[in-house]
Amino acid sequence: MKSSNSHVWHKIHPNFRVTNGGKTTLTNRLLKTLPNCCVVHQDDFFKKPDQIEVGEDGFRQWDVITALDMEAMVNTVKGWQENPVKFARSHGVSLSPEAEESDSEEKGIHILIVEGFLIYNYKPLIDVYDKCFYISIPYEECKRRRSTRTYTVPDPPGLFDGHVWPMYLKHRKEMDNNCSRIEYLNGMTSKDEIYNKVYESVQNSLLNNL
């Protein structure tokens with residue numbers, strides 16, 4: 001959290017590394033209940049399909065950091081840091097009356113959720129986070145959920161076992177080495193329980209920094 005007499009900013013970062021771990025559901029609920037809350041989705045920064053390399057495993061490498069325009073993502077986060085009120089307005093986010101009255105100075109609490117699957121694997125972003133969350137689900141459940149989803153670029157046969165899960169295990173190890181401030185959440189518990197834990201953690205952090 002960064003704060004001064006005229007600024008009170010708070011950034012939280014729910015990270016859901018495993019595909020289909022529940023990040024969208026949680027993020028959408030938090031957006032509705034946290035004050036002056038914006039979101040940056042890592043999925044919005046995927047490169048075009050023809051820019052995704054084919055790896056030694058024979059699959060296009062969608063689940064690696066080079067598949068994403070991370071520089072553009074960092075610049076988006078910086079845009080919020082520089083002026084969260086302007087950022088919120090440009091993204092159609094409803095602001096509190098206090099925040100709406102401010103132009104050059106961003107008053108009150110402003111929250112940015114940064115969500116994605118490789119957030120803890122890019123050093124320039126790690127130091128930005130104030131709160132870090134990680135939802136995990138086991139292999140069997142992850143594979144089941146992914147099989148029920150429809151993607152713009154359909155999964156070729158064998159992609160999950162041949163690429164998605166091995167990349168998850170590799171990146172999970174990197175994540176554990178990169179960030180020690182993560183609050184782990186069990187993705188097999190109810191959506192309400194996950195939401196309540198995150199919401200309570202954020203509220204406690206806000207109260208402790210007032």
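This text goes with the structure placed above it.
The paragraphs below set out a description of the structure included in this document. Please read these numbers as outputs of a predicted model, since none were measured by experiment.

**Remarks on the environment of Ser180**
- Relative to the helices and strands, Ser180 resides in the loop between helix H7 (159–178) and strand E6 (182–186).
- Taking the relative accessible area as the measure of exposure, Ser180 reaches 74% and is therefore exposed.
- Distance in space between the C-alpha atoms of Ser180 and Cys132 is 9.2 Å, their sequence separation being 48 residues.

**Some remarks on unusual backbone geometry**
- The backbone of Asn36 shows a phi angle near 45°, a positive value even though the residue is not glycine.
- Turning to its location among the elements, Asn36 is positioned in the loop between helix H1 (23–33) and strand E3 (37–41).

**What about the packing of aromatic side chains?**
- This structure, assessed with the given rule, holds nine aromatic pairs.
- Between the aromatic rings of Tyr195 and Tyr199, the centroid separation amounts to 5.6 Å while the plane-to-plane angle is 25°, which identifies the pairing as stacked. Taken together, the residues span about one helical turn, with Tyr195 and Tyr199 both in helix H8 (residues 191–208) at a distance of four residues.
- A relative accessible area of 7% places Tyr195 in the buried class.
- Over the aromatic face of Tyr195 sits the side chain of Arg29, whose NZ or CZ is 4.0 Å from the ring centroid.

**Some details on the pattern of salt bridges**
- Tallied over the full model, the rule gives eleven salt bridges.
- Among the ionic pairs, Asp43 bridges to Lys23, the shortest N-O distance being 3.9 Å. With a gap of 20 residues between them, Asp43 in the loop between E3 and helix H2 (70–82) and Lys23 in helix H1 connect regions that are remote in the sequence.
- By relative accessible area, Asp43 is classed as partly exposed at 36%.
- By relative accessible area, Lys23 is classed as buried at 18%.
- The residue Asp155 makes a salt bridge to Arg146 at a minimum N-O spacing of 2.6 Å.
- Asp155 sits in the partly exposed class, given a relative accessible area of 30%.
- Judged by its relative accessible area of 11%, Arg146 falls in the buried class.

**Quick word on the pairing of strand E5 (residues 131–136)**
- Buried residues dominate E5, accounting for five of its six residues.
- Relative to E6, E5 runs parallel, the two being bridged by five bridges. Opposite Ser136, over in E6, you have Asn186 as the bridge partner.

**A short note on the state of the cysteines**
- According to the stated counting rule, one finds zero disulfides in the structure shown.
- With no disulfide of its own, Cys38 lies 6.8 Å from the sulfur of Cys37, the closest cysteine sulfur.
- Here Cys179 is not disulfide-linked; the sulfur of Cys132 is the nearest cysteine sulfur, at 4.1 Å.

**Concerning the packing of helix H6 (residues 139–147) against H7**
- Viewed as axis vectors pointing N to C, H6 and H7 meet at an angle of 115°, and their least axial separation amounts to 12 Å. Crossing of H6 over H7 shows right-handed handedness. Contacts between H6 and H7 pair Tyr139, Cys142, Lys143 and Arg146 from the former with Leu159, Phe160, Asp161, Val164 and Trp165 from the latter.
- Looking at the contact of H6 with H7, its residues break down into six nonpolar, no polar and three charged.

Conventions used here
- Within each chain, residue numbers correspond to sequence positions counted from 1 in written order.
- Local features are withheld for residues below a pLDDT of 70 in this predicted model, meaning they are given only at 70 or higher, and side-chain atom pairs are given and counted only at 80 or more; totals for whole chains, interfaces and linings count all residues.
- Only heavy atoms go into the side-chain values, all of them from the structure, while hydrogens and water stay out.
- Helix numbering and strand numbering both begin at the N terminus, where a helix is a DSSP run of H or I of at least 4 residues and a strand a DSSP run of E of at least 2.
- Only protein chains enter the accessibility calculation, which uses a 1.4 Å probe; a residue whose area is less than 20% of its type maximum is buried, one above 50% is exposed, and one in between is partly exposed.
- Aromatic contacts are taken between Phe, Tyr and Trp rings whose centres are within 6.5 Å, Trp giving its six-membered ring; a plane angle under 30 degrees counts as stacked, one over 60 as edge-to-face, and the others as tilted.
- In our convention, an over-ring charge means Lys NZ or Arg CZ found within 6 Å of a ring centre and within 35 degrees of that ring's normal.
- Think of a salt bridge as a Lys or Arg side-chain nitrogen and an Asp or Glu carboxyl oxygen that are within 4 Å of each other.
- At least two DSSP bridges between two strands are needed for those strands to be called paired.
- Cysteine sulfur atoms are paired as a disulfide whenever they fall within 2.5 Å.
- Lines fitted to the C-alpha atoms define the axes, with helices restricted to the stretch that makes contact. Angles between their N-to-C directions range from 0 to 180 degrees.
- For any helix crossing, the convention is left-handed if the near helix is rotated counterclockwise from the far helix by under a right angle, and right-handed if that rotation is clockwise.
- Pairs of residues are marked as contacts when any of their non-hydrogen atoms sit within 4.5 Å.
- Three classes are used: nonpolar for Ala, Val, Leu, Ile, Met, Phe, Trp, Tyr, Cys and Pro, charged for Asp, Glu, Lys and Arg, and polar for all others, with Gly counted as polar.

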